Amino acid sequence: MTARPERAPRVPVSTYRMQVNATQDLPAVARRLDYLDDLGVDWVYLSPILPSEPGSDHGYDVVAHDDVDAARGGRAGLEAVAAEAHKRGMGVLVDIVPNHVGVATPIENAWWWDLLTHGPASAYARAFDVDWEFGGGKLRIPIVGDDDFDAVRVDAEAGEVRYHDHRFPLAPGTRELSEQHYELVHWKVADDSLNYRRFFAVNTLAAVRVEDPQVFADTHVEIERWFDEGLVDGLRVDHPDGLRDPAGYLRDLAELTGDAYVLVEKILETGEELPQSWATEGTTGYDLLALVDRVLVDPAGEAPLTALERDLRGADLDWETFVHDRKLEVARGILRSEVRRIVREVRAAGPETGSVTDEELEEAVAQLLAAFGVYRSYLPEGREHLEHAFVRARQRSGDDAAAALDLLEPLLGDPDHPAAARFQQTSGMVMAKGVEDCAFYRTSRLTSLSEVGGDPSVFACEPVDFHAAMGARLHAWPHAMSASSTHDTKRGEDVRARIHVLAELPDLWSRALERLLALAPLPDPNFGNLLWQAAVGAWPGDDADPAVWRARLHAYAQKAMREAGDRTTWTAPDADFEAAVHHAVDAAFDDPEVARVLREVVERTAGPGWSNALAAKLVTLTAPGVPDIYQGSELWEQSLVDPDNRRPVDLDRRADLLAAVRDGARPTLTASPSDPGVAKLAVVHAALRLRRERPELFGSYAPLAAEGEDAGHALAFDRGGAITVVTRLPVGLAARGGWGDTVLRLPAGTWRDAVSGRVFTGATPLADLLADLPVALLARTDQPIEPLVEENL
């Protein structure tokens, strides 16, 4: 390994996520670094840049590991980004995908093409997780449609098998389908008889075995070059829970990168801790996101919104049971292939397993997967989660599964048993498909809480609990990422911020929803609650193109109802149900009365929503951790679920607005849905600059308590010389007439607001401190500092 050059500091102060694709390629990113630098960003954070499937706009379907994707700018593009970033003292963080590769277009993936050509004798066979014996020596490719096997043909002249536009290789010296090392099968075979591991239930993403040292080396050739040549400073690891040994992988990665800054996309359930043994600086921030959201939600809204959902559903919702049942459906359904493979590995343990049938073992494994309370264990770490799952599975299944569970318990608790390793890889799949991609779309109480890494049954977080969590975060994971929006969030940060307001206005929402469901009836009123909350939360200002907004809302509605999967699905759409939903979406634009009801709610929630948005953003930017700005979210971020959140961002407009802010333009906030978001931009700029230029102000964490009748509407903390003050529950505050005589006693010294430039000392009335904006960021001025926004306002 060559000596590595000097590079940016090992830990970023902040990051800015850029979606790299053919439209916004690496050379374009390099040209934008002047704007990120001016904004105050420390490191640029790139989406995956290895070669991916043709036309992929996300890059998570990697097809090669030895280059930078030419469509994204190639090696020269990455070199341009690195050179420009390092010239400015910035670092480069890159998203990598070790768990799987794209195989939708086999000819584009040389390893997969070779595997199909040569089968188990392929030079790349060890890279893929294939059960050849179960497939009778063949790899099953679930691609053929109903009554369509006649479309499969051999093109001997081209040396290929063709199925419509799909191309597959012919093995050397063969001319018949039966002679191939693969079998094209009906697409439904994937549910229960697939014989290769996938990413979740995506047949076109085949898992790779990075636990094999040679496979690790081969899949990290280009990544190693980045560090050898000093091009990249840190990595974000996608989906580590899919790996056989995440801790071992992270150790290997640390050795390869020279202990570079590494984050993991790990979703933690309530109360769960990231393993301290992992070679990582922490998660990508969904755990923080859930806390920030909930500290801004009014707990008083829980009872009325719960009652509303009960009325819509016709029954109470027991979230734990609901999640269990959704996960059980997944384990018995689209992921049964994985369950059956676990059973095959249990069978391989020896003849003593013969007393229980395969069907009994399959059901017991499915029950365990459904009962698992977190995404996965990492035996021997997390054994308590496995033990709890056995207890729950026995309680739910009774005597019927007792023998199978007794047989499974010692095997699945053995860290060295193949079945235990595969069970751990599978439990996260079942959780993701059952909860994130299904249950989240079937619950509607307050949909801003149905977010990746969140638990919708946890309605709110009291400030005292938030402060305790932040203190623990500073101690355990001070350099973990702090996220507000990502490419995976179900709703953009400011959509959630506006939906939070409904917890303060439950009666308003109940009346509005009743009217909407009467004007635009839906077969499932509970889904209607989810749909109309999304519409209110994402409703844009008057300058938005109504045709574009209509198309976005239709796209969201279609994905949401099909992911929910109870009334219509991707594979079996219910035309009548979907037509009713799309008719309701159109009514929002075409029916004046529907539009009026929505407009009334939007106008009532926009102002408080913007207040929540600024509060959430400033808290995220200044709390312990490394804040990330998802591209464009320095202005209002009102995206819905992907691909909506990967739309192009107008960075030219943001650069122009930033220039005005830097020149001293006064940041104001209006209650209008058409507010341009300049106040948010000013807050982001001030916080990023302060963190980058005065990091010594962010070395500790201490809660600050306001005093007065309205003290509960303030959330404040001191990071060691930088004080964050934000408004919470703004509707209730306004109803009480504002801050009144509520004060915040500042620590000794003189404090300057990094946004307005105003100076404060001692016991400061919040009515004065928050006169300009509902948030403030105060910096101790014991040493002269340049105001981040000039005082000529």
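Bear in mind that the values here come from a model prediction, so they are computed numbers and not experimental data.

Looking at the pattern of salt bridges
- As enumerated under the stated definition, the model contains 69 salt bridges in all.
- Taking the shortest distance from any N to any O, the salt bridge between R197 and D129 comes out at 2.9 Å. You can see R197 sitting in the loop between α4 (189–192) and β10 (198–199) and its partner D129 sitting in the loop between α3 (110–118) and β5 (139–144), a full 68 residues away along the chain.
- Note on D129: relative accessible area 7%, which makes it buried.
- Each of R17, D95, R236, D238 and E265 takes part in salt bridges that share partners, so that together they form one network.

Details of a negative patch on the surface
- Together, E359, E360, D399 and D400 give the surface a local cluster of negative charge.
- When you line up the elements, D400 lands in the loop between α13 (383–397) and α14 (402–412).

Quick notes on empty space enclosed by the protein
- Evaluated as defined, the whole model comprises seven cavities of 30 Å³ or more.
- A volume near 90 Å³ is recorded for the largest cavity.
- Surrounding the largest cavity, twelve residues form its lining, D753, V755, S756, D772 and L773 being those nearest its centre.
- Class assignment of the residues belonging to the lining of the largest cavity gives a composition of seven nonpolar, one polar and four charged.
- Taken as a whole, the second largest cavity encloses approximately 70 Å³ of empty space.
- Lining the second largest cavity we find R17, Y45, R236, T284, Y286, M481, S485, T486, H487, D628 and Y630.
- Along the lines of polarity and charge, the residues of the lining of the second largest cavity split into four nonpolar, four polar and three charged.

Here's the deal with α13
- Under the 1.5 Å per step criterion, the end-to-end length of α13 is 21 Å for 15 residues, consistent within 8% with the ideal 21 Å.
- Of the residues making up α13, those classed as buried are L386, A389, F390, R392, A393 and S397.
- Buried-residue contacts for α13 involve α10 (319–332), α12 (358–371), α14 and α15 (418–436).
- In the segment just after α13, G398 is the residue with positive phi, at about 65°.

The rules we used
Residues numbered from 1 in each chain as written. Predicted model: local features only at pLDDT ≥ 70, side-chain atom pairs only at ≥ 80, totals over all residues. Heavy atoms only, no water. Salt bridge = Lys/Arg side-chain N within 4 Å of Asp/Glu carboxyl O. Helix = DSSP H or I, 4+ residues; strand = E, 2+ residues; numbered from the N terminus. Buried < 20%, exposed > 50% of the residue type's maximum accessible area, 1.4 Å probe, protein only. Patch = residues over 30% accessible without salt bridge, like charges linked within 9 Å, V, L, I, M, F, W, Y side chains within 5 Å. Areas by Shrake-Rupley, 256 points an atom, 1.4 Å probe, with all protein chains shown as cover. Lys, Arg positive; Asp, Glu negative; His and termini not counted. Charge placed at Lys NZ, Arg CZ, Asp CG, Glu CD. 1 Å grid on protein atoms, 1.4 Å probe; cavity = no way out; pocket = protein on both sides within 12 Å on 5 of 7 lines; lining within 4 Å. Points joined across faces, edges and corners; volume = space filled by probe spheres on them. Nonpolar A, V, L, I, M, F, W, Y, C, P; charged D, E, K, R; others polar. Expected span 1.5 Å × (residues − 1). Contact = heavy atoms within 4.5 Å.

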